[in-house]
Amino acid sequence: MSAAPVIQGWAVPRVRRIPVGLALAGAFLAAVIVAAVVPSVFATGDPLRIDLAQMHAHPSLAHPFGCDQLGRDVWTRVVHGTRQSVAIGAAATALAVAIGVPLGLLAGIGNRVTETLLSRFFDLMGAFPEILLALVLIAVTGSGTGNVVLAIGIAAAPRFARVMRADTRLVARADHVVAARLLTRSRVRIVLRHVLPNAIGALPVLVTLGLGTSILGAAALSFLGFGTQPPTPEWGSMLAESRDDLRIAWWAVFFPGVAVTATVVATTVVGRAAQRRFENRVTA
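So, how was this worked out
- Residues numbered from 1 in each chain as written.
- Predicted model: local features only at pLDDT ≥ 70, side-chain atom pairs only at ≥ 80, totals over all residues.
- Heavy atoms only, no water.
- Helix = DSSP H or I, 4+ residues; strand = E, 2+ residues; numbered from the N terminus.
- Contact = heavy atoms within 4.5 Å.
- Areas by Shrake-Rupley, 256 points an atom, 1.4 Å probe, with all protein chains shown as cover.
- Lys, Arg positive; Asp, Glu negative; His and termini not counted.
- Charge placed at Lys NZ, Arg CZ, Asp CG, Glu CD.
- Buried < 20%, exposed > 50% of the residue type's maximum accessible area, 1.4 Å probe, protein only.
- Axes fitted to C-alpha atoms, helices over the stretch in contact; angles between N-to-C directions.
- Parallel < 35°, antiparallel > 145°, perpendicular 65-115°, else oblique.
- Left-handed = near helix turned anticlockwise from the far one by under 90°.
- Nonpolar A, V, L, I, M, F, W, Y, C, P; charged D, E, K, R; others polar.
- Patch = residues over 30% accessible without salt bridge, like charges linked within 9 Å, V, L, I, M, F, W, Y side chains within 5 Å.
- Salt bridge = Lys/Arg side-chain N within 4 Å of Asp/Glu carboxyl O.
- Phe/Tyr/Trp six-rings, centres within 6.5 Å; stacked < 30°, edge-to-face > 60°.
- UniProt positions renumbered as here; feature names shortened; annotations may be inferred.

1. Description of the overall build of the protein chain
For the protein chain, the helix and strand inventory stands at 10 helices and 2 strands. Overall, the protein chain shows an N-to-C arrangement of helices and strands of β-β-α-α-α-α-α-α-α-α-α-α. Across the protein chain, every contact between residues at least 6 apart in sequence was considered, and the portion connecting residues at least 24 apart equals 67%. Total accessible area on the protein chain is roughly 15,800 Å²; 67% of this is exposed by carbon and sulfur atoms. Of the side chains in the protein chain, 25 bear a positive and 14 a negative charge, and the two mean positions are spaced by 16 Å.

2. Structural notes on the side chain of S85
Inspection of the secondary structure puts S85 in helix α2 (residues 74-109). A residue is classified by how much of its surface remains accessible, and S85, at 2% relative accessible area, is buried. Setting aside residues up to four positions removed in sequence, S85 forms contacts with I215, E234 and W235.

3. Description of the packing of α2 against helix α3 (residues 112-126)
Two numbers describe how α2 lies on α3: the axes approach to 7 Å, and their chain directions differ by 140°. With respect to α3, the axis of α2 lies oblique. α3 is crossed by α2, and the crossing has left-handed handedness. In this structure, α2 uses L103, G104, L106 and A107 to contact α3, whose residues at the interface are T114, E115, L118 and F122. Looking at the contact of α2 with α3 residue by residue, the class counts come to 5 nonpolar, 2 polar and 1 charged.

4. A closer look at a nonpolar patch on the surface
On the surface, I33, V34, V37, V38, V41 and F42 cluster together to form a nonpolar patch covering roughly 500 Å² of accessible area. Along the chain, F42 falls in the loop between α1 (20-37) and α2. The partly exposed category is assigned to F42, whose relative accessible area is 36%.

5. Topic: the packing of aromatic side chains
Summed over all chains, the structure comprises 7 aromatic pairs. Taking the centre distance of 6.3 Å and the plane angle of 55° together, the rings of F121 and F122 count as tilted. Plain terms: the ring middles of W250 and F255 are 6.2 Å apart, the flat faces sit at 35° to each other, and that makes the pair tilted. A residue is classified by how much of its surface remains accessible, and W250, at 42% relative accessible area, is partly exposed. Three or more aromatic residues joined by ring pairs make a cluster, and in this case those are F65, W75, W250, W251, F254 and F255.

6. Considerations on the packing of α2 against helix α8 (residues 203-223)
The contact between α2 and α8 brings their axes to 8 Å, and the two run at 130°. Judged by the angle between their axes, α2 and α8 are oblique. Along this stretch, α2 crosses α8, giving a crossing that reads as right-handed. Along the contact surface, α2 presents S85, V86, I88, G89, A90, A92, T93, V97 and V101, while α8 presents L203, V207, G210, L211, S214, I215 and A218. Of the residues belonging to the contact of α2 with α8, the class tally is 11 nonpolar, 5 polar and no charged.

7. A few points about the pattern of salt bridges
Evaluated as defined, the whole model comprises 8 salt bridges. Note that R72 is salt-bridged to D68, the shortest N-O span being 2.9 Å. Here D68 falls in the buried class, since its relative accessible area comes to 4%. In this structure, E115 and R165 form a salt bridge, with 2.8 Å as the shortest nitrogen-oxygen distance. Placement of the pair is E115 in helix α3 and R165 in helix α5 (residues 145-172), with a sequence separation of 50 residues. Residue class for E115 comes out buried when judged on its relative accessible area of 14%. The partly exposed category is assigned to R165, whose relative accessible area is 23%. Counted as one network, the salt bridges with shared partners bring together D68, R72, R77 and E241.

8. Quick look at the UniProt feature "transmembrane region" (unreviewed entry) in the protein chain
In the numbering used here, UniProt assigns the feature "transmembrane region" (unreviewed entry) to residues 20-42, 86-111, 131-157, 195-228 and 248-271. Segment residues 86-111 splits into 92% helix and 0% strand. End C-alpha atoms: 39 Å apart.

Next up, the structure:
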């Protein structure tokens, strides 16, 4: 690594350049968050307003993303649909963390029987694609936004549990944890004070990566009719509503699809960058 440049005896810290792709992904995610919290910043119209005179209207200055089969402005619906899509993905990810982290911690600090049983359970759950497992759970619980959150959260939990288990076992063998055990400190205190804070270091990275997957899963389930129901704007349900009009109004399907894809790609780019930085910090 080259030394920082010196100007008249003062060391000037070298500014680390942010890759263009990462900067664009971060800016897009910031816009998504704003749209989810305050959609009126980008679209002041009513996403439910029907105007049959504008049915299947092409993209224009008045309607940048065109209009759908009921004359509703697609741009307004995409922006306002951000809140529903992101909320479902965030809630499902939070549920996956709430389930996976305690189970992974228990598997990492438990005895051999506990570890074996939980590890086999994680492997069994992880053998199925998350969307397939979510569909099975939806078949049991029924459709609805709440059940979609529940299904996606449970399906994603093994991913967090496996990582938490591995990190817990690694931290549990660290010198300071071994020393705490020799001092006959409480097992609960050792876990809460020494093991858990160090084992969750990779959690923010996993949450970032998992958020995009959860948003994609929510859109897929809504597209299949199990999640958010029309006319509430949500990216997956918008795709389902307009799929029969693809040949005559491609924009009504294209732009919600782009919103889903761009959000997943952006979260992946940011998550991968955070993962590389975390790994470099750990190995340094």
